Amino acid sequence: MTTLLVDTPHGPARASLHCAQEPRAALLLGHGAGGGVEAPDLVAACHAANSVGVHVALVEQPYRVAGRRAPAPANQLDTSWLAVVDDLGERWFDGLPLVFGGRSSGARVACRTSVEGQAVAVLCLAFPVHPPGKPEKSRLAELDGVEVATLVVQGENDPFGQPGRGHHREVVLLKGDHSLKASVADVGRSVGEWLDRVLRPLD
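On a predicted model such as this, the values are computed, not experimentally measured, just so you know.

> Is there a simple way to explain helix H6 (residues 184-199) in this structure?
Because each turn of an α-helix spans 3.6 residues, side chains separated by three or four positions end up pointing in the same direction. Between its first and last C-alpha, H6 extends 22 Å over 16 residues, near the 22 Å set by a 1.5 Å rise per residue. For H6, the full list of buried residues reads Val187, Gly188, Ser190, Val191, Gly192, Trp194, Leu195, Val198 and Leu199.

Next comes the structure, spelled out in structure tokens:
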């Protein structure tokens, strides 16, 4: 593993690189609003991606690197993420297709930036469709705005809601809640199978 700091307009972000042999693509994964890149589902996704020939960068937003728990505003998260994408894409992942992903808040960032960042696919772990108990405050427009193959891995009892399947969007429902801790092995299996399938036409 290689860890490096990446300058962004909102302070340094940190990327932990987990490299695959003979890479066919690179997956950038962001964390949840109050959590870090050590979340079990992110770790499972990282291992699964490596096993199918995909480099992984676990990306920590500048507010986390600075030691703050409260997340930055959405536009700052997106700007910082795209700065990391540009840096890693040039320095480490040159010529490789990029897959964006993350859990919860990180999944929202991946969706919102997928067009501008030219992602070839998007992976969403525990996408927060709405705040708990507030289905009227839907964030589905962020998911619907993605124009490439998308996988959503969601807990059946997630209080943040359930997204439906859509155009080029697959949804895998697993036992458990928003943390996905109850089904970590299934998270890895779902991510590995999906990545292998969506990347095959690009090989």
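> Looking at this model, I keep getting lost on the side chain of Arg24. Mind explaining?
Within the secondary structure, Arg24 sits in the loop between strand E2 (13-18) and strand E3 (25-30). Accessibility expressed as a relative area gives 17% for Arg24, which makes it buried. Leave out the neighbours within four places in its chain, and Arg24 touches Val52, Gly53, Val54, Leu96, Pro97, Asp196, Leu199, Arg200 and Asp203.

> So what exactly am I meant to see when it comes to helix H4 (residues 105-113) here?
Here H4 lies mainly inside the structure; 7 of its 9 residues are buried. Inspection of H4 places Ser105, Gly106, Ala107, Val109, Ala110, Cys111 and Thr113 among the buried residues, and these make up the whole buried set. Contact partners of the buried residues in H4: E3, helix H3 (74-91), strand E5 (98-103), strand E6 (121-125) and helix H5 (140-144).

> I'm lost on the packing of H3 against H4 in this one. Help?
The description of two helices packed together rests on the angle between their axes and the distance between the axes. Contact geometry for H3 and H4: axes closest at 10 Å, N-to-C directions at 70 degrees. The angle between H3 and H4 places the two elements in the roughly perpendicular class. Here Ala74, Leu77, Asp78, Trp81 and Leu82 of H3 come into contact with H4, specifically with Ser105, Val109, Arg112 and Thr113.

> What is the right way to look at the pairing of strand E4 (residues 54-60) in this model?
In summary, the side chains of a regular strand alternate between the two faces of the sheet. When you tally the buried positions in E4, you get 7 out of 7 residues, the bulk of the element. Of the pairings in the sheet, the one linking E2 to E4 comprises 5 bridges and is antiparallel in character. Of the residues in E4, the one forming a bridge with His18 is Val56. By the bridge criterion, 6 bridges tie E3 to E4 in an arrangement that is parallel. Bridged to Ala26 within E4 is His55. Between E3 and its parallel partner E4, the chain crosses via helix H1 (residues 40-51), and the hand of that crossover is right-handed.

> When you look at the nonpolar core in this model, what are you seeing that I'm missing?
Nonpolar side chains in soluble globular proteins tend to be buried together. In terms of nonpolar packing, the biggest core is built from 33 residues, with Leu28, Leu88, Phe93, Phe100, Cys124 and Phe127 touching the most fellow members. Contributions of two or more residues to this core are made by strand E1 (2-6), E2, E3, E4, H3, E5, H4 and E6. Residue contributions to this core peak at 5 residues, all from H3. In contact with Cys124, other than residues within four places in its own chain, are Gly102, Ala107, Cys111, Leu143, Thr150, Leu151, Val152 and Val153. Within the second largest apolar cluster, 30 residues are counted, among which are Ala44, Ala45, Cys46 and Leu58.

> Would you mind going over the sheet that holds E6 with me for this structure?
Within a sheet, neighbouring strands are paired by backbone hydrogen bonds and run either parallel or antiparallel to one another. Taken together, 8 strands build an open sheet; the order of strands is E1-E2-E4-E3-E5-E6-E7-E8 and the sheet is mixed. The two strands at the open ends of the sheet, each matched to only one other strand, are E1 and strand E8 (169-174). Strand-to-strand twist in this sheet, taken as the mean axis angle between neighbours without regard to direction, amounts to 20 degrees.

About the thresholds
- Residues numbered from 1 in each chain as written.
- Predicted model: local features only at pLDDT ≥ 70, side-chain atom pairs only at ≥ 80, totals over all residues.
- Heavy atoms only, no water.
- Helix = DSSP H or I, 4+ residues; strand = E, 2+ residues; numbered from the N terminus.
- Expected span 1.5 Å × (residues − 1).
- Buried < 20%, exposed > 50% of the residue type's maximum accessible area, 1.4 Å probe, protein only.
- Contact = heavy atoms within 4.5 Å.
- Axes fitted to C-alpha atoms, helices over the stretch in contact; angles between N-to-C directions.
- Parallel < 35°, antiparallel > 145°, perpendicular 65-115°, else oblique.
- Pairing = 2+ DSSP bridges.
- Right-handed = clockwise from strand over helix to strand, strands pointing away.
- Core = buried A, V, L, I, M, F, W, Y, C linked by side-chain atoms within 4.5 Å.

These results come straight from atomic positions and should not be treated as a statement about function.
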